[in-house]
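Summary of the model geometry
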Amino acid sequence: MADPSPRHVGSVGVWRFAGLAASLVLAGASWGAGSRPTLNTGVVWPGPQWWSETGGSPLLAAVAVVAMAGLVLAWWQLRDAAVSVRWWWTTVTLWFVPLVASVPLYSRDLYSYAAQGALWAQGENPYETGVRDLASSWRDSTAPTWLDTPTPYGPVFLLLSRGVAAVAGDHLWVALLLLRLVAVVGVVVIAWAVADLARTLRVDAARATWLAVACPLVGAHFVSGGHNDAVMVAGVLSGVAVALRGRFVAACLVIALAAMVKVTAVVALPFVALLWAHAAARSSASAALHDAPDAGTARAAIVPGWPGVVRAVAVTVVTAAVPVVLLTLVTGLGLRWLNPGATPGRNEQWTSLPTSLGMAWGAVGHLLGHEAWRAQGITLARTIALVVMAVVLVLLWLATAKPGPDRSARDAGRRRVVAGNGWAMVVVVALAPAFLGWYFLWALPLLAVSAAGTSRRAGSVLAGLATALCFAQLPDGYSLGLTTTAVGVPLMLVVTVVLLRRAVRWLRGVDGRHLRDLSRPMLSGPVRH
């Protein structure tokens, strides 16, 4: 389908500065509606009141919601703008720089980062001790949910947060600014990597930048919210970009460092191994063609066999393990950060698919007078989801390792691997014990340079989800998932049924007889949806 006609240059400029105006208003409103250092005793719901007795300004919260809507509108209006990647980089700078000066919006995690860094600087192990034991006023700015919770983050990020705490001294605002600048550096790397990956995979780099970098969700959560996910995503994207250039050892090291910010990054390593195996197979094919110019032999050698894939996986794991072991020994913090579900899992919201199913079972128990069913159902559903996640990730990786519809196009093959990595992130997000809006940004850039790069419909769906998630939290960080359970749980039940039906149809098309043959496609024929 052909793209619509590009917008007039004048209209492009208008919407660029409309987005800037919305960002300025949002940053200004954050000082009364965002996550201020002093904890509010109640939720700051949007309304006409200038200041609430429980803390915060309902009026400024309403202004912030309208400002975010304005930024989203400007973003959508520029979807088909005939502009360059550099134009988008300038626009992103204009839109997001005001948010560097905002009070943290949509989350209080920046305060937790600062407190955990200070806790380690104080001599406590953040994997064993909660922020409640911190001998600093910074403790009082941490969300109560996380006061007694060990940190879920890796040693690389703890080193960063400890360094920030040391530089900031007793000045909390300095610590918040420095931590936010770390996230901003992550956004800069993401902007470079998205454009680089798009060009390497021969998709529209400007469109990918619009979707994955200029997206208001990035500004809201990676810039204003300062989430360390920005650093993790930057590491994954730059690692994949380096791998596509044939520098696989460097790619493994970069992704390992990203995993030591947030362990989710390890999902990218099996896909880097596939790129490594394919590169080795192409090298062997070139040697075979040189020694005996038989086109059939060369073509066959381009598809890596299991020995080549196993070698690539083994070397990838060993290479990535080196910095993990070294930093573990240097920091002396241990390996508790490798358990990714323990801490986030305490957050019970219907936005997590397995949690919503557990809640549905709990609702049945409530009707029957069995209140314990809720906790039991959530625990069981999350456990089953982790098993299903492991199985689906293996099947997805295997489907990516096998050829797709176009066996001859090198770019299409590499695009499949990057897309497979993106969908693997989607699987992790969908089946994790907890889901928060910025988790979607784990997958969005990878899909923007692969699946969305060749399908306008896929890009529209991803942009629509990102738009909805811009409004999933109130400006002060309160998640609307906590108050919409009556609507959300039934919705998730419908989603579960749809996903199960699609899974059954997909499994019917799997070529089970040749499942281990890497030269054959995963599906024996077209699957009707």
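The rules behind each value
- Residues numbered from 1 in each chain as written.
- Predicted model: local features only at pLDDT ≥ 70, side-chain atom pairs only at ≥ 80, totals over all residues.
- Heavy atoms only, no water.
- Salt bridge = Lys/Arg side-chain N within 4 Å of Asp/Glu carboxyl O.
- Helix = DSSP H or I, 4+ residues; strand = E, 2+ residues; numbered from the N terminus.
- Buried < 20%, exposed > 50% of the residue type's maximum accessible area, 1.4 Å probe, protein only.
- Phe/Tyr/Trp six-rings, centres within 6.5 Å; stacked < 30°, edge-to-face > 60°.
- Disulfide = S-S within 2.5 Å.
- Lys, Arg positive; Asp, Glu negative; His and termini not counted.
- Contact = heavy atoms within 4.5 Å.
- Patch = residues over 30% accessible without salt bridge, like charges linked within 9 Å, V, L, I, M, F, W, Y side chains within 5 Å.
- Areas by Shrake-Rupley, 256 points an atom, 1.4 Å probe, with all protein chains shown as cover.
- Charge placed at Lys NZ, Arg CZ, Asp CG, Glu CD.
- 1 Å grid on protein atoms, 1.4 Å probe; cavity = no way out; pocket = protein on both sides within 12 Å on 5 of 7 lines; lining within 4 Å.
- Points joined across faces, edges and corners; volume = space filled by probe spheres on them.
- Expected span 1.5 Å × (residues − 1).
- Axes fitted to C-alpha atoms, helices over the stretch in contact; angles between N-to-C directions.
- Parallel < 35°, antiparallel > 145°, perpendicular 65-115°, else oblique.
- Nonpolar A, V, L, I, M, F, W, Y, C, P; charged D, E, K, R; others polar.
- Core = buried A, V, L, I, M, F, W, Y, C linked by side-chain atoms within 4.5 Å.

**Here we look at the pattern of salt bridges**
Summed over the entire model, instances satisfying the criterion amount to 8 salt bridges. Between Arg132 and Asp148 there is a salt bridge whose closest N-O contact spans 2.7 Å. On the criterion of sequence distance, the pair formed by Arg132 in the loop between helix H4 (109-121) and helix H5 (155-168) and Asp148 in the loop between H4 and H5 is long-range, its members being 16 residues apart. Of the residues examined, Asp148 reaches a relative accessible area of 48% and is grouped as partly exposed. Its salt-bridge partner being Lys262, residue Asp229 comes within 2.8 Å of it at the nearest N-O pair. Remark: Lys262 occurs in the loop between helix H10 (248-259) and helix H11 (269-291) and Asp229 occurs in helix H9 (residues 229-244); sequence separation between them is 33 residues. Neither residue differs from the other here; Asp229 and Lys262 are each classed as buried. Salt bridges sharing common partners tie together Asp80, Arg207 and Arg456.

**Details of the packing of aromatic side chains**
Scanning the model with the defined rule gives 16 aromatic pairs in all. Aromatic side chains Trp87 and Trp88 sit 5.1 Å apart centroid to centroid with 85 degrees between the ring planes, which places their arrangement in the edge-to-face category. Looking at Trp88, the relative accessible area reads 1%, which means it is buried. Judged by centre distance (6.1 Å) and plane angle (90 degrees), the rings of Phe435 and Tyr439 are edge-to-face. We note that Phe435, like Tyr439, is buried.

**Examining the state of the cysteines**
Taken as a whole and judged by the stated rule, the model has 0 disulfides. The structure places no disulfide on Cys470, whose sulfur is separated from the nearest cysteine sulfur, that of Cys215, by 5.3 Å. Overall, the relative accessible area of 4% leaves Cys470 in the buried class.

**As for the side chain of Arg36**
As for its position among the elements, Arg36 is in the loop between helix H1 (9-33) and helix H2 (58-77). It turns out Arg36 is buried and unbridged, and the closest side chain with the opposite charge, Asp476, is 8.7 Å from it. When residues no more than four places from it in sequence are discounted, the contact partners of Arg36 are Trp31, Trp51, Gly55, Gly56, Val103, Arg108 and Tyr111.

**Here's the deal with a nonpolar patch on the surface**
Taken together, the side chains of Val25, Trp50, Trp51, Leu59 and Val63 present a nonpolar region at the surface, about 440 Å² in accessible area. By relative accessible area, Val25 is classed as partly exposed at 41%.

**Looking at unusual backbone geometry**
At Tyr106, a position not held by glycine, the phi torsion is positive, near 70 degrees. The phi dihedral of Arg202 falls on the positive side, at around 60 degrees, and the residue is not glycine. With respect to the element layout, Arg202 can be found in the loop between helix H6 (172-200) and helix H7 (205-212). Residue classification places Arg202 among the exposed residues on the basis of a relative accessible area of 66%.

**Here's the deal with the side chain of Gln473**
Tracing the backbone through its elements, the reader meets Gln473 in the loop between helix H19 (456-469) and helix H20 (485-508). In this view, Gln473 contacts Tyr106, His221, Leu436, Gly437, Trp438, Tyr478 and Ser479; residues no more than four positions away in its chain are not counted.

**A short note on a positive patch on the surface**
Together, Arg457, Arg501, Arg502, Arg505 and Arg508 line one region of the surface with positive charge. It is H20 that contributes the most residues to the positive patch, 4 residues altogether. Along the chain, Arg508 turns up in helix H20.

**Section: empty space enclosed by the protein**
With the rule as written, the count across this model stands at 1 cavity of 30 Å³ or more. Quantified by volume, the largest cavity comes out at close to 30 Å³. Lining the largest cavity are Val240, Ala268, Phe271, Val272, Leu275, Val417, Val418 and Asn421. Listed by contribution, the elements that provide at least two residues to the lining of the largest cavity are H11 and helix H16 (410-431).

**Focus: H5**
Structurally, the α-helix is built with 3.6 residues per turn, so residues lying three or four positions apart point the same way. When the terminal C-alpha atoms of H5 are compared, their 20 Å separation across 14 residues agrees well with the 20 Å that a helix rising 1.5 Å per residue should span. For H5, the set of buried residues is Pro155, Val156, Phe157, Leu158, Ser161, Val164, Ala165 and Ala168. As for H5, its buried residues are in contact with H4, H6, H10 and helix H13 (306-331). Looking at the residues trailing H5, positive phi occurs at Gly169, about 65 degrees.

**Some thoughts on the packing of H4 against H5**
Remark: H4 packs on H5, axes separated minimally by 7 Å, with the N-to-C direction vectors making an angle of 85 degrees. Classified by the interaxial angle, the pair formed by H4 and H5 is roughly perpendicular. Taking contact as the criterion, the partners of Tyr113, Ala114, Gly117, Ala118, Trp120 and Ala121 in H4 are, on H5, Phe157, Leu158, Leu159, Ser161, Arg162 and Ala165. Partitioning the contact of H4 with H5 into residue classes produces 9 nonpolar, 2 polar and 1 charged.

**Digging into the nonpolar core**
Counting residues in hydrophobic clusters, the biggest one holds 161 residues, and the most contacted among them are Trp88, Trp95, Trp138 and Leu211. Broken down by element, the residue count for this core peaks at 13 residues, all from H6. For Trp88, the residues in contact, after removing those within four places along its chain, are Leu78, Val83, Trp95, Ala206, Thr209, Trp210 and Ala214.

**Side note on the layout of surface pockets**
Of the voids in this model, the second largest pocket is the one considered here, and its volume is about 1200 Å³. Along the walls of the second largest pocket sit 50 residues, with Asp109, Trp146, Asn347, Leu436 and Trp438 positioned nearest its centre. In terms of residue class, the lining of the second largest pocket is made up of 28 nonpolar, 18 polar and 4 charged.

Interpretation in functional terms is not warranted from these geometric data alone.
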